[in-house]
Amino acid sequence: MINDESLKFHHIGILTSDIEQSKKDLKSFGFSFNKDVFDPLQKVDLSFGVNSDHLLIELVSPRKDSKILNLLKKNGVGPYHICFEVSSIRNLEPILKKEGYLCTLKPTKAIAFDNKLISFYFNKNLGLIELLER
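Let us look at the structure shown here. (Residues numbered from 1 in each chain as written. Predicted model: local features only at pLDDT ≥ 70, side-chain atom pairs only at ≥ 80, totals over all residues. Heavy atoms only, no water.)

**Describing helix α3 (residues 89-98)**
Working note: α-helix, 3.6 residues per turn, so residues spaced by three or four point in the same direction.
Logical step 1: Within α3 the residues assigned to the buried category are Ile89, Leu92 and Leu96. The buried side chains of α3 occupy one side of the element, clustering within an arc of 65° when seen end-on. Seen from the buried face of α3, the exposed residues on the opposite side, beyond 90 degrees, are Arg90, Asn91, Pro94, Lys97 and Lys98.
Logical step 2: Elements in contact with the buried residues of α3: β5 (78-86), β6 (102-110), β7 (116-123) and β8 (127-133).
Logical step 3: N-cap assignment for α3: the residue whose side-chain oxygen lies 3.1 Å from the backbone N of Asn91 is Ser88.
Logical step 4: Note on α3: the residue one or two positions beyond its end, Gly100, has a positive phi of about 95°. (Buried < 20%, exposed > 50% of the residue type's maximum accessible area, 1.4 Å probe, protein only. Helix = DSSP H or I, 4+ residues; strand = E, 2+ residues; numbered from the N terminus. Arc of directions from axis to C-beta. Contact = heavy atoms within 4.5 Å. Polar contact = N/O pair within 3.5 Å; in protein donor to acceptor, adjacent residues only side chain to side chain.)

**Description of the packing of aromatic side chains**
Logical step 1: Per the stated rule, a full pass over the model turns up three aromatic pairs.
Logical step 2: Seen from their ring centres, Phe9 and Phe84 are 6.2 Å apart, and the 85° between their planes marks the pair as edge-to-face. Residue Phe9 is found in strand β1 (residues 8-15), and its partner Phe84 is found in strand β5; the two are separated by 75 residues along the sequence.
Logical step 3: On the basis of relative accessibility, which here comes to 22%, the residue Phe84 falls in the partly exposed class.
Logical step 4: Here Phe48 and Phe113 contribute two aromatic rings whose centre-to-centre distance is 5.5 Å and whose plane-to-plane angle is 70°, an arrangement assigned as edge-to-face. Separated by 65 residues along the polypeptide, Phe48 in strand β3 (residues 44-50) and Phe113 in the loop between β6 and β7 bring together distant segments of the chain. (Phe/Tyr/Trp six-rings, centres within 6.5 Å; stacked < 30°, edge-to-face > 60°.)

What follows is the structure, encoded as structure tokens:
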């Protein structure tokens, strides 16, 4: 069991082929977008939207040379990952491994989060989980 008192839901990542259209569609549901970023590591365009309940959504649109493009082609548009904010990714790594999570991206500085560390883990029952270090 992942037992970390610092664990806090952060955002849902949604994979999209048309980030501008997705932004327009989500604006109809009360989301406002004010941060757009290109992530050169993952080769994706990102846009962050929030609603009045403070639910944060990250739109993820892969460019032609992105590894994530294959996921979009295979699975189509939709939820891509769930992100949790944690005090220490490294402290959770052995617990996640023991629980059957496979690391798909080791702790890496993320341009979208002011160079805070992120890491991705895959679980066959949950899909992709992103950890964001405070």
